[in-house]
Amino acid sequence: MFSHLTAPLADPAAYWKRLGLAPEQAGQDESADVELLDRLVMAHQRTISFECMDSRFQLAPIDLGIRALERKVISGNRGGYCFELNALFRTLLTEAGFDAQPVIARIVRMATGPESPLNHHGILVRIGGQLRYADVGFGGPMAACSLPVEDGSVTQSCGQEFQVTRASTGWWMISYRRAGGDADWVDVCLFRDEPCLPSDFLPLSWYTETHPESVFRTTLLLNRRTADGNVSLRENQFTRRSGDAVEQSTATWAELPQLLEREFLITPPPGLPTA
């Protein structure tokens, strides 16, 4: 019944090409090291955007089957949100020789109440006896590399520091701040260190996609890492961050297709608003 959630990639070479990387190391266990993992995370964040257009504009039901995700993200030149991107990425990692497992997570940054539901898909990768957390489906501050699952570990990535701390039994917190500063840590998300099943994400994704109060139903969100920062879109507000410089502008719906292609490397899907 759920075999479509764990199907192999139909065309892994096309996925590697989309990332701008050569697949010659795929499937060789000795190459599945931290260096390759971090290179893949960075490439993914720079070439495949976080986006929620299917939910925001109700373009099409979200299908978490691997082949369906390939058709949308790789063949269709789209992006996706965590339940899509991290499921697809985990499949690529597994086929490249990594021991990669899905884990449930809870976004706590900018939570609107005292409780935040389980609403995120993360990835745990075991390399040489060490657990590392990898994430290419978070539309906000997330490291452009994997993070060691070690209490108090701090990793610098693209001008930011990311700290992993044990929050409670089985749960770990990722926090961030500007690198080289002494500002307080800002909590980002909690993740579980026990692998789950791909089918566990079906109800979580359905709620996130369809509930009328879900941010993905009410707000268009896009984000892509760039060579020196990132570009993002929140409804009609476009933001470009380059180092310390921040540029903002307002985009109309009519300008959205061109913006998607130029800034987010996305082929505009049919059904977008025009006014």
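Everything here concerns the structure above.
Presented here is a report on the structure given in the accompanying data block.

The rules behind these values
- Here, residues in each chain are numbered from 1, in the same order as that chain's written sequence.
- Restriction of local features to residues with pLDDT of at least 70 applies here, the model being predicted, together with a cutoff of 80 or more for giving and counting side-chain atom pairs; totals for whole chains, interfaces and linings are based on all residues.
- Side-chain numbers come from the whole structure's heavy atoms, not from hydrogens or water.
- Burial classification: accessible surface area is computed with a 1.4 Å probe over protein chains only, and a residue below 20% of its type maximum counts as buried, one above 50% as exposed, and the rest as partly exposed.
- What counts as a helix is a DSSP run of H or I of at least four residues, what counts as a strand is a run of E of at least two, and both are numbered from the N terminus.
- The reported arc concerns the directions from the helix axis to the C-beta atoms and nothing else.
- The contact definition used throughout considers only heavy atoms, calling two residues in contact when any of these lie within 4.5 Å.
- Paired strands, as defined in this entry, are two strands with at least two bridges between them according to DSSP.
- In this description, a line fitted to the C-alpha atoms serves as the axis of each element, helices being fitted only across the stretch in contact, and the angle between N-to-C directions of two axes falls anywhere from 0 to 180 degrees.

As a further point, take helix 6 (residues 201-210). Residues of helix 6 that are buried include every one of F201, L204, S205, T208 and E209, and no others. Down the axis, helix 6 shows its buried residues gathered within 125° of arc, on one side only. Taken together, the buried residues of helix 6 touch helix 3 (53-56), helix 5 (82-95), strand 2 (99-107), strand 3 (120-127) and helix 7 (215-218).

As a further point, take the side chain of T155. Structurally, the position occupied by T155 is in strand 6 (residues 153-157). When sequence neighbours within four positions are dropped, the list of residues in contact with T155 reads C145, L147, P148, Q160, E161 and F162.

Right, let's get into the pairing of strand 4 (residues 130-134). Summarising the sheet, strand 3 and strand 4 pair through five bridges and their orientation is antiparallel. Residue pairing for strand 4: L124 is matched across the bridge by Y133. Hairpin connection, strand 3 to strand 4: the antiparallel pair is bridged by two residues, and G128 has positive phi, about 55°. By the bridge criterion, two bridges tie strand 4 to strand 5 (residues 147-148) in an arrangement that is antiparallel. Looking at strand 5, one finds that Y133 is bridged to L147.

This part takes up the sheet that holds strand 6. Read across the sheet, eight strands follow the order 5-4-3-2-9-8-7-6 without closing on themselves; strand pairing throughout is antiparallel. Looking at which strands have only one partner, the edges of the open sheet turn out to be strand 5 and strand 6. In this sheet, strand 9 (residues 186-192) lies alongside strand 2 in antiparallel orientation, the contact comprising three bridges. Directly across from I107, in strand 9, lies its bridge partner C189. On the sheet, helix 6 packs against strand 2 and strand 3 and is oriented at approximately 40° with respect to strand 2.

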